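# Examination of the molecular architecture
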Amino acid sequence: MNAGLEQIKQEIISGAEEIRSSKEAYEFRKKFLDGKTGKIGLLMREMKNIPPEQRADYGKGVNELKEWALEFLVELDTRIKAKELQERYEAEKIDISLPAVETQQGNLHPITLIRNQLIDIFAGMGFEIYEGTEIETDYYNFTALNTPQDHPARDMQDTFYLSPEFLLRTQTSAGQIHVMENKKPPIKILSPGKVFRSDDDATHSPMFTQMEGLVVDKGITLCDLQGMLDVFVKKIYGEDTKTRLRPSYFPFTEPSVEVDCSCFECGGKGCKLCKGTGWIEILGAGIVNNKVLENCGIDPDEYSGFAFGIGIERTAMLKYGINNIKLLFESDLRVLKQIND
């Protein structure tokens, strides 16, 4: 009987020398002390086979072995865990005498900078922000905006059609129709977002960012438009910047104007940026066409409005002196590092 107990004790001692991890220590402890399958636990089941006069000594021996094994294996587990913790400390140790790894501070992208600036400027004038969907129907993108069926903008070579009815919007003006259909005047919204046109060169991209503004109320005139634009260009290009309006044509506005601002590089004297004219074209605008108001259920005899559209990439290129629109999409750090408003 004693020989069997001593054999288990020696098995525990010799087996402990092979333990290398806390997981192995747990399994080793379970092998001997588990109440149902452990070797020491099974010894108590042999009590019925021990002669009655020897049972007391046998039970005492098993309990002493169990207490010794528990103390021995707890100590083993503690020692293994301490060793593992020390090895982890060594692996994660940092030499504070080494120079720190140099990290670079990032900047917001030029398009994001200009977009945020424009939103701040127009929000300060009371404009609400409306972001429409990039996939539109032909009706909202063209028909409701008074675009004739034979207008070149409807051609396949200018517009990305997904089906005869659906297309990638070519202008955020489509969002203005949604707003006017669902909201009664007064209306004062700004609609930023991506637009898509089949055009690609140094100053144009198939995908670019546009920001449309719309104001509809009683007594709105072209003077209100120019007054708002005066505030806008002063905030974005500087207090000395002036605006001028030139006649133009857009199907959804009448009259329509191209808006120029005095060159902020040379102060209007003439330079390379303004091509010697002293003026830079920045956006298109006009008084909302009566047919557009009627299409949205707004009485043109009672209400009028103005609309304008700003190309954010063009604004960024002018402000930051970027000569190729593709630089805005390549995310070249050599370009972006130079811009930090």
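Residues numbered from 1 in each chain as written. Predicted model: local features only at pLDDT ≥ 70, side-chain atom pairs only at ≥ 80, totals over all residues. Heavy atoms only, no water.

What follows concerns empty space enclosed by the protein. Scanning the model with the defined rule gives one cavity of 30 Å³ or more in all. Lining the largest cavity are Leu-145, Gln-176, Met-180, Leu-214, Phe-252, Thr-253, Val-288, Val-292 and Ala-307. Residue classes in the lining of the largest cavity are distributed as seven nonpolar, two polar and no charged. (1 Å grid on protein atoms, 1.4 Å probe; cavity = no way out; pocket = protein on both sides within 12 Å on 5 of 7 lines; lining within 4 Å. Points joined across faces, edges and corners; volume = space filled by probe spheres on them. Nonpolar A, V, L, I, M, F, W, Y, C, P; charged D, E, K, R; others polar.)

There is a patch of nonpolar side chains on the surface, built from Ile-135, Leu-162 and Phe-166 and spanning about 270 Å² of accessible area. The residue Leu-162 is located in the loop between helix H6 (138-141) and strand S3 (166-168) in this model. (Patch = residues over 30% accessible without salt bridge, like charges linked within 9 Å, V, L, I, M, F, W, Y side chains within 5 Å. Areas by Shrake-Rupley, 256 points an atom, 1.4 Å probe, with all protein chains shown as cover. Salt bridge = Lys/Arg side-chain N within 4 Å of Asp/Glu carboxyl O. Helix = DSSP H or I, 4+ residues; strand = E, 2+ residues; numbered from the N terminus.)

Moving on: the nonpolar core. Counting 42 residues, the largest nonpolar core has Leu-118, Phe-122, Phe-232, Ile-282, Leu-283 and Phe-308 as the members making the most contacts within it. Breaking this core down by element, the ones donating at least two residues are helix H5 (110-123), strand S5 (207-217), helix H8 (222-237), strand S7 (253-262), strand S8 (279-288), strand S9 (304-311) and helix H10 (312-320). (Core = buried A, V, L, I, M, F, W, Y, C linked by side-chain atoms within 4.5 Å. Buried < 20%, exposed > 50% of the residue type's maximum accessible area, 1.4 Å probe, protein only.)

To continue, consider the packing of H5 against H8. For the pair H5 and H8, the least separation of the axes is 10 Å and the interaxial angle reads 140 degrees. By the angle class used here, H5 and H8 are oblique. When you trace H5 past H8, the crossing you get is right-handed. Residues Gln-117, Leu-118, Ile-121 and Phe-122 of H5 touch H8, and the partners they reach there are Met-228, Phe-232, Lys-235 and Ile-236. A breakdown of the residues in the contact of H5 with H8 according to their chemical character gives six nonpolar, one polar and one charged. (Axes fitted to C-alpha atoms, helices over the stretch in contact; angles between N-to-C directions. Parallel < 35°, antiparallel > 145°, perpendicular 65-115°, else oblique. Left-handed = near helix turned anticlockwise from the far one by under 90°. Contact = heavy atoms within 4.5 Å.)

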